[in-house]
Amino acid sequence: MVVKTQSKSRGLTGLHVGVDNVRRYFPKDTSVIELQLGHLQIQCGLKPGFWLDEPEINDPRLGAWLESHHLHRNRDRASIPLALIPAGKNSFRLQTVSAGGPTRA
């Protein structure tokens, strides 16, 4: 699935997953997911609003990783599309997206 970075301010960066992706890939009984960010693995909690009107994943470690790996090149902090690829139960791998499809982050 394609997600986008979402930067509310420096230090408050996360992923906007989108309502359709939430319905398709995230069971409502899931409270924590694992994200594989290159060689780093983190667990992120999902807030109750994730399934309603806030389809976003926010975590300080995710934000720091996104800012150091992707947003440092983007001075206006515009959204960057990324691939969030299922990698097991409640586990996803985050990768960059190129014109030919996902590439390694």
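Keep in mind that what you see is a predicted model, and the values were worked out from it rather than measured.

Parameters at a glance
- Residues numbered from 1 in each chain as written.
- Predicted model: local features only at pLDDT ≥ 70, side-chain atom pairs only at ≥ 80, totals over all residues.
- Heavy atoms only, no water.
- Helix = DSSP H or I, 4+ residues; strand = E, 2+ residues; numbered from the N terminus.
- Buried < 20%, exposed > 50% of the residue type's maximum accessible area, 1.4 Å probe, protein only.
- Contact = heavy atoms within 4.5 Å.
- Areas by Shrake-Rupley, 256 points an atom, 1.4 Å probe, with all protein chains shown as cover.
- Polar contact = N/O pair within 3.5 Å; in protein donor to acceptor, adjacent residues only side chain to side chain.
- Core = buried A, V, L, I, M, F, W, Y, C linked by side-chain atoms within 4.5 Å.
- Phe/Tyr/Trp six-rings, centres within 6.5 Å; stacked < 30°, edge-to-face > 60°.

Colleague: Which residues make up the overall build of the protein chain, and what are the values?
Modeller: Along its length, the protein chain carries 2 helices and 8 strands. Secondary structure of the protein chain in N-to-C order comes out as β-β-α-β-β-β-α-β-β-β. Burial statistics for the protein chain: of 105 residues in total, 44% are counted as buried. Across the protein chain, the fraction of contacts at a sequence separation of at least 24, relative to all contacts at a separation of at least 6, is 52%. Surface summary for the protein chain: the accessible area is close to 6,300 Å², and the carbon and sulfur share equals 51%.

Colleague: Give a detailed account of the environment of Gln 36, specifying residues and quantitative values.
Modeller: With respect to the helices and strands, the residue Gln 36 is situated in strand β3 (residues 32–37). Since its relative accessible area comes to 19%, Gln 36 is described here as buried. Expressed as a C-alpha distance, the spacing of Gln 36 and Arg 93, which sit 57 residues apart in the sequence, is 4.6 Å. If we ignore the near neighbours within four places in the chain, the residues touching Gln 36 are Gln 41, Ala 87, Ser 91, Phe 92, Arg 93 and Leu 94.

Colleague: I'd like a description of the environment of Leu 62, backed by residues and values.
Modeller: By the element assignment, Leu 62 lies in helix α2 (residues 60–69). Residues Leu 62 and Gln 41, 21 residues apart in the sequence, show an inter-C-alpha distance of 9.8 Å. Every residue in contact with Leu 62, bar those within four places of it in the chain, is listed here: Gly 14, Leu 15, Leu 35, Leu 37, Ile 42, Ile 57 and Leu 94.

Colleague: Describe the side chain of Thr 13, with residues and values.
Modeller: Topologically, Thr 13 is positioned in strand β2 (residues 12–16). Within the local environment of Thr 13, its side chain forms a polar contact with the side chain of Ser 7, the two groups lying 3.5 Å apart. Polar contacts involving the side chain of Thr 13 include one to the side chain of Glu 67, which spans 2.6 Å.

Colleague: Go over the nonpolar core with me, naming the residues and quoting the values.
Modeller: With 23 residues, the main nonpolar core has Phe 26, Leu 35, Ile 57, Leu 62, Leu 84 and Leu 94 as its most contacted residues. Looking at this core, the elements with two or more residues in it are β3, β4 (40–45), α2, β6 (81–86) and β7 (91–98). Residues within four places of Phe 26 in sequence aside, it is in contact with Met 1, Val 17, Asn 21, Ile 33, Leu 46, Phe 50, Trp 51, Leu 84 and Phe 92.

Colleague: Which residues make up the packing of aromatic side chains, and what values go with them?
Modeller: Overall, the coordinates contain 3 aromatic pairs when judged by the stated rule. When the ring of Phe 50 is compared with that of Trp 51, the centres are 5.0 Å apart and the planes differ by 85°; the resulting orientation is edge-to-face. In this structure, Phe 50 and Trp 51 share a single accessibility class: buried.

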